[in-house]
Every structure is written in structure tokens, then in C-alpha cells.
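What follows is the residue order along each chain.
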Amino acid sequence: MKHSIAVLIALSCVLASFNVARADDNALRAALQTYYARVKLAMLTHDDKAMQALLAPGFISIDVSGQTEGAAQMIGEVDSLPKDLKKVSTATLLSLKASGNTAIVTQRYDMKTVKLAADGSNEDVELVTLSTDTWVTASGTWALQKTETDQLDYYVNGQQVAHKVRPQ
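All residue numbers refer to positions counted from 1 along the written sequence of the respective chain. Given that the model is predicted, a residue must reach a pLDDT of at least 70 before its local features are reported, and side-chain atom pairs must reach 80 or more before they are shown or counted; all residues, however, enter totals for whole chains, interfaces and linings. Side-chain metrics in this entry use all non-hydrogen atoms of the structure; hydrogen atoms and water are not considered.

When accessible area is computed with a 1.4 Å probe and restricted to protein chains, residues below 20% of their type maximum are described as buried, those above 50% as exposed, and intermediate ones as partly exposed. Secondary structure elements follow DSSP: runs of H or I of four or more residues count as helices, runs of E of two or more count as strands, with numbering from the N terminus. Buried residues of helix α3 (residues 71–80): A71, M74, I75 and V78, and no others. Summarising the axial view, the buried residues of α3 lie within an arc of 95°, below the 170-degree limit, and thus occupy one face. For α3, exposure combined with an orientation more than 90 degrees from the buried face picks out A72 and S80. As used here, the arc belongs to the directions running from the helix axis to the C-beta atoms.

What follows covers the pairing of strand β6 (residues 141–156). The rule for pairing is simple: two strands pair if DSSP sees at least two bridges between them. As paired elements, strand β1 (residues 55–62) and β6 share four bridges and run parallel to each other. Considered in β6, the bridge of L55 is made with L144. Between strand β5 (residues 122–138) and β6, which pair antiparallel in sequence order, lie two residues; one of them, S139, sits at a positive phi of approximately 60°. Alignment of β6 against strand β7 (residues 159–165), held across six bridges, turns out to be antiparallel. Counterpart to L152 in the pairing with β7 is K164. Following β6, the chain reverses through two residues before pairing antiparallel with β7; N157 in that reversal takes a positive phi of roughly 50°.

Residues are said to line a cavity or pocket when one of their atoms sits within 4 Å of a point; the points come from a 1 Å grid over protein atoms alone, cavities being sets where a 1.4 Å probe fits but cannot get out and pockets being open sets with protein on both sides within 12 Å along at least five of seven lines. Grid points are joined across faces, edges and corners, and a volume is the space filled by probe spheres set on the points. Of the volumes computed, that of the largest pocket is approximately 1600 Å³. Residue lining of the largest pocket: 47 residues in total, with M43, V78, L81, Y109 and L127 positioned closest to the centre. Within the residue set of the lining of the largest pocket, elements represented by two or more residues are α1 (2–44), β1, β2 (68–70), α3, β3 (88–99), β4 (102–116), β5 and β6. Here the residues of the lining of the largest pocket are counted per class, giving 24 nonpolar, 14 polar and nine charged. When residues are sorted by character, Ala, Val, Leu, Ile, Met, Phe, Trp, Tyr, Cys and Pro go into the nonpolar class, Asp, Glu, Lys and Arg into the charged class, and all the rest, Gly among them, into the polar class.

Here it is in C-alpha cells:
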């Protein structure tokens, strides 16, 4: 009987630790989702200071072809993009693995807009990327250290016109 009670107590402690871990993961997921929203807003408004504040020192971006660039290059490219009032985009966190001060996020970015074609007609455009992002924290503030675009799919009027996968 005492052994059964001890086993039940131990099992309860293990289950409680899973619930705490799940709550921690949910809190981290919510926090990072907020940071992705801040990144989106900073890019949309071309707010270089806000973008820079969301990036860790030594930030790097690796595109689907394996090319790397730093924060200044990435921010410059974002600034060169024209504002698109028809653009709708979402970032969805597909997976999250946290260890210490680091979180690895697999995310899906989906952007839809309407572009003017060469013949003057409208084209529905969709860009879908899968990325692996590395976030780091110091004193509870998360910053994006690295983003690696793993896959890119581009559609025009529902037809896939490009599919690229980053070489491993």
C-alpha cells in the first residue's frame, strides 16, 4: 500500500512537471508570436530602429539559395520594398524547442497580395516560406539571432511558378 501511494505521488509530480512545462511552452509561444507581430509591423512601416531592436547582435539571414546577409543588408532590402496596401501576411509557429536562453522556431510565413500584370490585369500572388528561426534572450527580452529560409513557394493565380528548397 505504501509503495502504491509513493508511486502515485511520484506520478503526480511527473504529471505536474509536464503541466508546468506545457504552460512554460505556451507562454513562450505567445511571447514569440508577439515578437513576430512586432517584426511584421516594423517591416510594414519601414521602422528601422524597431527592426534593429528585434534583432540580436550578429544577426544573420540565410535565404533559400544559401546566401547570407546581416542586419543592415536585410533592413536595407526591406526598406527598398514599396509599401503594399493589398498585402496580407501571417506567420505561424509550427514548432518550438527551447533550451536555456535559446528557442528554435519552425515557422510558416504566408503572404498574399494582388499585383498588376504586364497586360494590365490583376494577378493574385502568394508567397509561402518555411523557415527555421533562432531566438535568444537576455533578461527576458527575445531577439532574433538567425533566420534560415528552408523552402519557398510562389504562386500566381493559384498556379505554382516557383518551388525552391535550401540545400542542406
